[in-house]
Amino acid sequence: MAPKTSVGIDLHKASLTIGVRDSSGYLTNLISMSTKCVNKITHLFSLLPTPVHCAIESVGMYEWLWELLEPRVDKLMLADAVELRYRAGRRHAKTDKIDAKFISLLVFRNEVPQAFVPDKTTRELRRLGRHWHTITHMMSTLKIRMRWILMQHNFPGPGSITGDSAQRWLLARGDKLSPNALFSFSQFLESIEHLERQRIVIRRRILEFCDMEQFKEDVALLKTVPGIADITAAIILAEVAGFPRFYSADAIASYTGLTQRTEESAGKVSSSNISKAGSATLRWVLCEAANTLIRSDPMYKAMYNRILSSTKIRGKAKVAIAQKLIRWLWKMHQTREAFRRGGSTNHNRNANKARQARLIAKLNNGLAIAC
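Nothing here was measured: the structure is a model prediction, and the numbers come from that model.

### Digging into the layout of surface pockets
Thought 1: The calculated volume of the largest pocket comes to roughly 740 Å³.
Thought 2: Breaking the lining of the largest pocket down by element, the ones donating at least two residues are α3 (81–88) and α5 (120–152).
Thought 3: Taken as a whole, the second largest pocket spans an internal volume of roughly 630 Å³.
Thought 4: Taken together, 21 residues line the second largest pocket, and the ones lying closest to its centre are T136, S140, R199, W284 and E288.
Thought 5: Elements supplying a minimum of two residues to the lining of the second largest pocket: α5, α7 (179–210), α9 (230–240) and α11 (280–296).
Thought 6: Grouping the amino acids of the lining of the second largest pocket by side-chain chemistry returns eight nonpolar, eight polar and five charged.

See the structure below:
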């Protein structure tokens, strides 16, 4: 149905500009207001003749406005900001009012370059997944600082720093640290224990989403990959927001930002680092899953070693496996076939045996010294 009102919104952190056109395309209203004026925004949309079509310029904090306007307009769109700049071309001036007028004109012409908006359930799961990523990153930073304090005092410390292992080490040997180092280490430990408790709550919330019909089958399929468990599968599904919306494996690999930037001019092709387009959380979780896959499957470990022999950089080789992994996941979703494993390296069993051997050797040395 042709709209009687076409609305374009240029959204910013503290303000937004709204351009309104009537059924003939004439600009009837162009106003700017604070984002805090929620009642004023809803009142304005309640006065518009229906049906109303509206487009919001894509920014990171669009969700509050989307949820506010979705029940109040007949068609709501998210306009791709990059494509908008391309279509606008070169202008002598770029202001919020000019942008709002241009977006409203595209709405009237039905030419809005739309960005994808996942459903509300996926958006909520995506928010939890990114929160998990943030908490995990904070914990990693704290562990690095704690390890640095131990290295400054020539202590190896626990093999893997967790709240429990660091607490045991502190009770056994904490008196050997200097007073200020002990103070810093103790405060870092308190922060890690607090973050670990937070992760337990976040994990419980994410697992509730995994049991929903919308995600249950896909989570089970993704978990056939070594290195992908419930949390990893849920984060991948939330960030991808539907494998069927990508027409090829190349398209989804480009979406992750794990592909190289390629420029071609006059027959000369140059490639640089990965584009890092899209979600940083998706790239992080794919690299973590790839790292586990390399350790647990000899076929993919051999593939990693072949890539490493040519690149000579471990990070690049791991990113290459992560890019292959998202392609495999897309193919798995297309065929509904489980992941084809190349075997098992028995990484955990071998690590446990090595740990037990070190413990026995340590006990034997202690007994020899005592004798």
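From this point, things continue past the structure.
### Notes on the nonpolar core
For soluble globular proteins, the rule of thumb is that nonpolar side chains tend to be buried together.
Thought 1: Within the largest apolar cluster, 67 residues are counted, with the highest numbers of intra-cluster contacts made by F185, I206, I236, F243, L286 and L329.
Thought 2: Beyond its immediate stretch of four places on either side in the chain, F185 contacts M146, I149, L150, A166, W169, L170 and L177.
Thought 3: Judged by nonpolar contacts, the second largest core, of 23 residues, contains I18, V20, W66 and L69.

### A few points about helix α12 (residues 298–311)
Thought 1: Between its first and last C-alpha atoms α12 spans 20 Å; for 14 residues at 1.5 Å apiece the expected length is 20 Å, and the two agree.
Thought 2: All buried positions along α12 are accounted for by Y300, M303, Y304, I307 and L308. Seen end-on, α12 carries its buried residues on one side only, within an arc spanning 140°.
Thought 3: Of the surrounding secondary structure, the elements contacted by the buried residues of α12 are α11 and α13 (314–335).
Thought 4: Two or three places before M299, at the start of α12, stands the capping residue D297, its side-chain oxygen 3.0 Å from that residue's backbone nitrogen.

### Looking at the pairing of strand β1 (residues 5–11)
Thought 1: Along β1, seven of the seven residues are buried, which leaves the element largely enclosed by surrounding structure.
Thought 2: Residues T5, V7, I9 and L11 of β1 are buried on one face, and the alternating residues S6, G8 and D10, pointing to the opposite face, are buried as well.
Thought 3: Of the strand pairs in this sheet, β1 and strand β4 (residues 52–57) are connected by five bridges, and their pairing is parallel. Pairing of G8 across the sheet is with A55, part of β4.

### Concerning the pattern of salt bridges
Thought 1: Per the counting criterion, the structure on display carries 12 salt bridges.
Thought 2: Close ionic contact of R126 with E239 constitutes a salt bridge, the shortest N to O distance being 3.9 Å. Of this pair, R126 sits in helix α5 while E239 is found in helix α9, placing the two residues 113 residues apart along the sequence.
Thought 3: Across the salt bridge formed by K223 and D230, the nearest N and O atoms sit 3.1 Å from each other.
Thought 4: Where salt bridges share partners, they join E63, E124 and R127 into one cluster.

### Here we look at the confidence of the model for the chain
Thought 1: The predicted model of the chain averages 89 in pLDDT, with 92% of residues at 70 or higher.
Thought 2: When pLDDT is averaged over each helix and strand of the chain, the minimum, 68, is found for helix α14 (residues 347–370) and the maximum, 96, for α9.

### Quick notes on the packing of α9 against α11
Thought 1: For the pair α9 and α11, the least separation of the axes is 10 Å and the interaxial angle reads 145°. At the point where α9 passes α11, the crossing takes the left-handed sense. On the side of α9, the interface is formed by T232, I235, I236, E239 and V240, while α11 contributes T281, L282, W284, V285, L286 and A289.
Thought 2: Grouping the amino acids of the contact of α9 with α11 by side-chain chemistry returns eight nonpolar, two polar and one charged.

### What to know about the side chain of T259
Thought 1: Summarising the element assignment, T259 is placed in the loop between α10 (249–256) and β6 (260–265).
Thought 2: Ignoring any residue separated from it by four or fewer positions in sequence, one finds T259 in contact with A253, S254, N273, I274, S275 and Q323.

What counts, and where the lines are drawn
Residues numbered from 1 in each chain as written. Predicted model: local features only at pLDDT ≥ 70, side-chain atom pairs only at ≥ 80, totals over all residues. Heavy atoms only, no water. 1 Å grid on protein atoms, 1.4 Å probe; cavity = no way out; pocket = protein on both sides within 12 Å on 5 of 7 lines; lining within 4 Å. Points joined across faces, edges and corners; volume = space filled by probe spheres on them. Helix = DSSP H or I, 4+ residues; strand = E, 2+ residues; numbered from the N terminus. Nonpolar A, V, L, I, M, F, W, Y, C, P; charged D, E, K, R; others polar. Core = buried A, V, L, I, M, F, W, Y, C linked by side-chain atoms within 4.5 Å. Buried < 20%, exposed > 50% of the residue type's maximum accessible area, 1.4 Å probe, protein only. Contact = heavy atoms within 4.5 Å. Expected span 1.5 Å × (residues − 1). Arc of directions from axis to C-beta. Polar contact = N/O pair within 3.5 Å; in protein donor to acceptor, adjacent residues only side chain to side chain. Pairing = 2+ DSSP bridges. Salt bridge = Lys/Arg side-chain N within 4 Å of Asp/Glu carboxyl O. pLDDT = per-residue confidence, 0-100. Axes fitted to C-alpha atoms, helices over the stretch in contact; angles between N-to-C directions. Left-handed = near helix turned anticlockwise from the far one by under 90°.

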